[in-house]
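Letter by letter, the chains look like this.
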Amino acid sequence: MRTTHRPTRTPLLLAALAAASLSLTACGGGDAGAKDAGSAAATGSTAPRTTTAAPAASATTGSGESATGTTGTTGTTGTAGGSGATGGSGEATASASAAPAAAKGEGAGGTAADAKAPVCAHDDVKVTAAKADEVPTEHIVLTATNTSGSACRLLGHPLIAFGEIQTAKDVPPVAASEPAAPVVLDPGAPAYANVRVSLGGVHEDNKVVKEFLVNLFAADGPAEGSIVVAAPAGGIAVDEKAAKTGYWTHELRNGADEF
């Protein structure tokens, strides 16, 4: 009986061991598959972060074009970088377009229309003189009003002769008073120039002046023709050695027109 039943148990044990081995193999394969699936899921979740970060970086590189980069989907990081470069080229174009405007005088206080206005001639303006509000009188203020009916440019400073134009001493200009922008006068508009006539008080070199001559500048130098200007009531005491003039300006300025 024992000899007969031993062969029967051995195949059963082998079959059980084989089944257990197959079960363990199947379990191991399932774990590996789960690990692979988890790894793939982790890889897929980090890609959008990279894509999102790329447009954010391009926003600092581009100039107003980063919004195009943010519309890209996964894998469009290169496109976002390209749009940033396009933004940079936009800035370069804007800078280049500003250069012609500056060359025409725009942005520097003048405009292209100002540059085209004709130069004021002596018969385009009326010049008057008034004493400065001071005692004793050391300065007068010249006012040039455009009476021509159209805009014109008033160049440089007044050319003043306190006496006969052939013998009068030139009144030098004060360079610091020259304005940065052209002085363009619309019809009826005034411009001003501050003029020192003496150092104040009584001086042996002073002379009483009741009228004097003012010339204007043309584009190529002093213009033809003189304007006779009446001195303020009572006349003015002029010391030609101390006399100096400011440039024509739309309004008298603190500092620049104080001399």
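In this text, all values refer to a predicted model and were calculated from it rather than measured experimentally.

Asks: Can you help me understand the overall build of the protein in this one?
Replies: The secondary structure content of the protein amounts to four helices and 13 strands. Relative to its 259 residues, the protein shows a buried fraction of 29%.

Asks: How should the sheet that holds strand β8 (residues 211-215) be read in this particular structure?
Replies: Pairing is antiparallel across the open sheet formed by three strands, whose spatial order is β4-β8-β11. A strand with exactly one partner marks an edge of an open sheet, and here the two such strands are β4 (159-161) and β11 (227-230). Across the sheet, the mean angle from the axis of one strand to that of its neighbour is 30°, orientation sign disregarded. As paired elements, β4 and β8 share three bridges and run antiparallel to each other. Bridge pairing links leucine 159 to asparagine 215 in β8.

Asks: Is there a simple way to think about the pattern of salt bridges in this case?
Replies: When their charged atoms lie close together, side chains carrying opposite charge are able to pair. Under the criterion given, the structure shown has four salt bridges. A salt bridge links aspartate 205 to lysine 241, with the shortest nitrogen-to-oxygen separation between them at 3.8 Å. Of the two residues, aspartate 205 is situated in the loop between β6 (190-196) and β7 (207-209) and lysine 241 in the loop between β12 (236-238) and β13 (244-245); the sequence distance between them amounts to 36 residues. The exposure class of lysine 241 is exposed, given its relative accessible area of 67%.

Asks: Would you mind going over the pairing of β8 with me for this structure?
Replies: On a regular strand, one side chain projects to one face of the sheet and the next to the other, so that they alternate. Within β8, four of the five residues are buried, which leaves the element mostly enclosed by the surrounding structure. Two strands pair when backbone bridges link them, and β8 and β11 are joined in this way by four bridges, in the antiparallel orientation. Of the residues in β11, the one forming a bridge with valine 214 is isoleucine 227.

Asks: Looking at this structure, how should I read the nonpolar core?
Replies: Generally speaking, a soluble globular protein has its nonpolar side chains buried in company with each other. Counting residues in each nonpolar core, the largest one holds 29 residues, and the members touching the most others are Leu142, Leu154, Phe162, Phe212 and Ile236. Every residue in contact with isoleucine 236, bar those within four places of it in the chain, is listed here: Lys131, Ile140, Phe162, Val197, Lys207, Val208, Val209, Phe212 and Ala231.

Asks: I'm lost on the sheet that holds β6 in this one. Help?
Replies: One key point about sheets: their strands pair by backbone hydrogen bonds, in either a parallel or an antiparallel sense. Pairing in this open sheet of four strands is antiparallel, and the strands run β1-β2-β6-β13 from one edge to the other. Pairing within the sheet leaves two strands with one partner each, and these edge strands are β1 (125-131) and β13. Sheet analysis places β1 next to strand β2 (residues 139-146), joined by seven bridges and oriented antiparallel. From the neighbouring strand, lysine 131 faces β2, where its bridge partner is isoleucine 140.

Asks: Where do I start with the environment of isoleucine 165 in this structure?
Replies: Along the chain, isoleucine 165 turns up in the loop between β4 and β5 (183-185). Given the relative accessible area of 41%, isoleucine 165 is considered partly exposed. Expressed as a C-alpha distance, the spacing of isoleucine 165 and valine 214, which sit 49 residues apart in the sequence, is 9.5 Å.

Analysis parameters
Residues numbered from 1 in each chain as written. Predicted model: local features only at pLDDT ≥ 70, side-chain atom pairs only at ≥ 80, totals over all residues. Heavy atoms only, no water. Helix = DSSP H or I, 4+ residues; strand = E, 2+ residues; numbered from the N terminus. Buried < 20%, exposed > 50% of the residue type's maximum accessible area, 1.4 Å probe, protein only. Pairing = 2+ DSSP bridges. Axes fitted to C-alpha atoms, helices over the stretch in contact; angles between N-to-C directions. Salt bridge = Lys/Arg side-chain N within 4 Å of Asp/Glu carboxyl O. Core = buried A, V, L, I, M, F, W, Y, C linked by side-chain atoms within 4.5 Å. Contact = heavy atoms within 4.5 Å.

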